[in-house]
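# Working through the structure, step by step
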Amino acid sequence: MKIKTEKSVLIYTSSLYIKYSKNKYEFSLPLGEALFDQISKKNYQFFWFFREGSRLYNFQKKTYHTPFLTKVYSLLIKIDNLNRILNYKFSTTKQIGKFLFRGFFERLFWKLILNFINPKIIIGTEPSQELCIVARKKNIEVIDLEHGLRDDAYYFNKLYRYTNKGYPNYLFYSDIKDSLILEKILPKYVRNIESGYLDLIYYEKEILNAIKFYQNDKRTILYASTYKIRGSKKPHDLPIDLIKIIQKSKLNLIIRLHPKLAQSESIFINSINYLKNQLKKNNCPFNSQKISFTNPYKNSLWKDLSNANGLVSLNSSSYRYAKRFGIPVLIHSNEMNIYDKKNHPKGLYGFSNDLDYEECESFINLCLNNNKLSFSKAKKLVFLEKQKMLRALEVIEI
């Protein structure tokens, strides 16, 4: 059985990246919504699928729930993993091993889903390797939407990539120069395309309104926090020495928590308290007039950057967004500096090898003398990103 449409799109994503509308019963994917708007003009129908671990919020019951298909999908992934372990430890017979190959149950799941939906294209954030394999066999192209600087870890890790047949057909990049990081490991059928900052287009109205609202605000540094390690519900420790220098200056500080640390009100509050306690333990008094916190589910990163004269972070998305706005950036992670040097001998973003007091002082002075993003510059940037997106759409021919 197939849905009676030849013009459908499957959207594959994690609930982490969605944004609920004001009426609370609709959601969107800011990372791709500008793209979806253009595609919808050609009368395409959209179907959403949420990857394992996703939880949607029910505003009536005020609780989170996992969609039924996501539960089934997650269970099949666990069965595949168990099958892989058993085959590795006990090396089952060749006949069984050939039938129950790695990813067998997940591929069966995607065959049924794709047969039912019959999409022309799949668009998502890190679409499953098995989904890409099944889609290629059915001549369905897959697009991966960028949501952070890509490297050879996690999604592109060689330990995960047991075959070169499971990559998306297209990797959409905000800035095509970032594709240099992966060019040596990608199969020839994968095409890198510069699509522009799609979420910048999506948040255009919010950004322009914020610029008007923040026009006369005090000079501010935005600190984009992240989680300690993958899967952790605690924020990375603040760079206390730098915070003390900021407090001595005439700059306010906005601390923006990572979306994973704001998935519920309790996690968000616990993260704030964790950072406040760290400030207290290091004799760094918390002043609500000078330090404030923002929730990533209420303020977009672009909106917070519209109120910033500078950014401090170790988060790849935030420093690239700040660079697009022309805002001074200070990375307080030598690991990130090494990462930059390793992948780009000339330095892609110009990080230093070490973070010292002199460099912090220099950064503070840059922020004190840097003006916030102007209304006219923001309009121009959005226009340029729209042109990149339209050129990307011409390439995929949808």
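Provided above is the structure to which this section pertains.
First, a word on what this report is: a plain description of the structure on this page.

Scoring rules and cut-offs
- Residues numbered from 1 in each chain as written.
- Predicted model: local features only at pLDDT ≥ 70, side-chain atom pairs only at ≥ 80, totals over all residues.
- Heavy atoms only, no water.
- Core = buried A, V, L, I, M, F, W, Y, C linked by side-chain atoms within 4.5 Å.
- Buried < 20%, exposed > 50% of the residue type's maximum accessible area, 1.4 Å probe, protein only.
- Helix = DSSP H or I, 4+ residues; strand = E, 2+ residues; numbered from the N terminus.
- Contact = heavy atoms within 4.5 Å.
- Phe/Tyr/Trp six-rings, centres within 6.5 Å; stacked < 30°, edge-to-face > 60°.
- Lys NZ or Arg CZ within 6 Å of the ring centre and 35° of its normal.
- Polar contact = N/O pair within 3.5 Å; in protein donor to acceptor, adjacent residues only side chain to side chain.
- 1 Å grid on protein atoms, 1.4 Å probe; cavity = no way out; pocket = protein on both sides within 12 Å on 5 of 7 lines; lining within 4 Å.
- Points joined across faces, edges and corners; volume = space filled by probe spheres on them.
- Pairing = 2+ DSSP bridges.
- Axes fitted to C-alpha atoms, helices over the stretch in contact; angles between N-to-C directions.
- Patch = residues over 30% accessible without salt bridge, like charges linked within 9 Å, V, L, I, M, F, W, Y side chains within 5 Å.
- Areas by Shrake-Rupley, 256 points an atom, 1.4 Å probe, with all protein chains shown as cover.
- Salt bridge = Lys/Arg side-chain N within 4 Å of Asp/Glu carboxyl O.
- Lys, Arg positive; Asp, Glu negative; His and termini not counted.
- Charge placed at Lys NZ, Arg CZ, Asp CG, Glu CD.

## Overview of the nonpolar core
- Ranked by size, the top nonpolar core spans 50 residues in total, and within it Leu-35, Ile-123, Phe-172, Leu-305, Phe-325 and Ile-396 carry the most contacts.
- For this core, the element with the highest residue contribution is helix 14 (residues 375-396), accounting for 7 residues.
- Once you skip the residues sitting within four places of it in the chain, Phe-172 turns out to touch Leu-35, Ile-143, Asp-144, Leu-145, Glu-146, Arg-150, Ile-193, Ser-195, Ala-392 and Ile-396.

## Here we look at the packing of aromatic side chains
- This structure, assessed with the given rule, holds 27 aromatic pairs.
- Geometrically, the ring pair formed by Tyr-12 and Phe-49 is stacked, given 6.0 Å between the ring centres and 15° between the ring planes. Here Tyr-12, found in strand 1 (residues 8-13), pairs with Phe-49, found in strand 4 (residues 45-50); they are 37 residues apart in sequence, far enough to count as distant.
- Exposure remark for Phe-49: the relative accessible area of 4% places this residue in the buried category.
- Summarising the aromatic geometry, the rings of Phe-27 and Phe-50 are spaced 5.5 Å apart at their centres and angled 70° between planes, so their arrangement reads as edge-to-face. Of this pair, Phe-27 sits in strand 3 (residues 27-28) while Phe-50 is found in strand 4, placing the two residues 23 residues apart along the sequence.
- Linked through ring pairs, Tyr-20, Phe-27, Phe-36, Phe-46, Trp-48, Phe-50, Tyr-57, Phe-59 and Tyr-64 together constitute an aromatic cluster.
- One residue, Arg-136, lies across the ring of Tyr-189, its end atom 3.8 Å from the ring centre.

## With respect to helix 5 (residues 129-137)
- Taking burial as the measure, the 9 residues of helix 5 include 7 buried ones, the bulk of the element.
- Those residues of helix 5 lying buried are Gln-129, Glu-130, Leu-131, Cys-132, Ile-133, Val-134 and Ala-135.
- Those residues of helix 5 that are buried lie in contact with strand 1, helix 4 (104-117), strand 7 (121-124) and strand 8 (141-145).
- Backbone nitrogen of Glu-130 and a side-chain oxygen of the N-cap are separated by 3.1 Å at the start of helix 5; the cap is Ser-128.
- Directly beyond the C-terminal end of helix 5, a positive phi value near 60° is found at Asn-139.

## Some words on the environment of Thr-66
- Looking at the secondary structure, you find Thr-66 in the loop between strand 6 (63-65) and helix 2 (68-90).
- Taking relative accessible area as the criterion, Thr-66 reaches 26% and is therefore assigned partly exposed.
- Apart from residues lying up to four places away in sequence, Thr-66 is in contact with Ser-54, Arg-55 and Lys-71.
- A polar contact is formed between the side chain of Thr-66 and the backbone oxygen of Ser-54, at a distance of 3.4 Å.

## Section: empty space enclosed by the protein
- On inspection of all chains with the given rule, the structure shows 1 cavity of 30 Å³ or more.
- Roughly 120 Å³ of internal volume is contained in the largest cavity.
- Forming the walls of the largest cavity are 16 residues, and the residues nearest its centre are Leu-31, Glu-146, Ser-174, Gly-196 and Leu-198.
- Mapped onto the lining of the largest cavity, the elements with two or more residues apiece are strand 9 (170-173), helix 6 (198-202) and helix 11 (316-325).
- Ranked by residues supplied to the lining of the largest cavity, first place goes to helix 11 with 3 residues.

## Looking at the sheet that holds strand 12 (residues 252-256)
- Strand order in the open sheet made by the 5 strands is 13-12-11-14-15, with parallel pairing throughout. Here the strands that pair on one side only, and so sit at the sheet edges, are strand 13 (291-294) and strand 15 (329-331). Geometrically, the sheet is characterised by an average inter-axis angle of 20° between neighbouring strands, direction not taken into account.
- Examined bridge by bridge, strand 11 (residues 220-224) and strand 14 (residues 310-313) share 4 bridges and lie parallel to one another.

## Some details on unusual backbone geometry
- With a phi angle near 60°, Asn-139 is a residue other than glycine that sits in the positive phi range.
- Topologically, Asn-139 is positioned in the loop between helix 5 and strand 8.
- Phi at Asn-283 takes a positive value of approximately 55°, unusual for a residue other than glycine.

## Brief notes about the side chain of Ser-249
- Tracing the backbone through its elements, the reader meets Ser-249 in the loop between helix 8 (240-248) and strand 12.
- A polar contact is formed between the side chain of Ser-249 and the backbone nitrogen of Leu-251, at a distance of 3.3 Å.
- Contact partners of Ser-249, with chain neighbours within four places excluded, come to Lys-290 and Ile-364.

## Looking at a positive patch on the surface
- Taken together, the side chains of Lys-111, Arg-136, Lys-137, Lys-138 and Lys-165 make up a positively charged region of the molecular surface.
- Mapped onto the elements of the fold, Lys-111 is located in helix 4.

## Let's talk about the environment of Ile-331
- Tracing the backbone through its elements, the reader meets Ile-331 in strand 15.
- Under the relative-accessibility criterion, Ile-331 is labelled buried at 5%.
- As for Ile-331 and Leu-311, which are separated by 20 residues in sequence, their C-alpha atoms are 8.4 Å apart.

## Overview of the sheet that holds strand 1
- One open sheet holds the 6 strands; their spatial order is 4-1-7-8-9-10, and the pairing between them is parallel. With one partner strand each, in any of the chains shown, strand 4 and strand 10 (191-194) form the two edges of the open sheet. Neighbour to neighbour, the strand axes of the sheet diverge by 25° on average, direction disregarded.
- Pairing between strand 9 and strand 10: 4 bridges, direction parallel. Paired with Tyr-173 across the strands is Glu-194, a residue of strand 10.
- Across the sheet, helix 14 is in contact with strand 7, strand 8, strand 9 and strand 10; its angle to strand 10 comes to roughly 150°.

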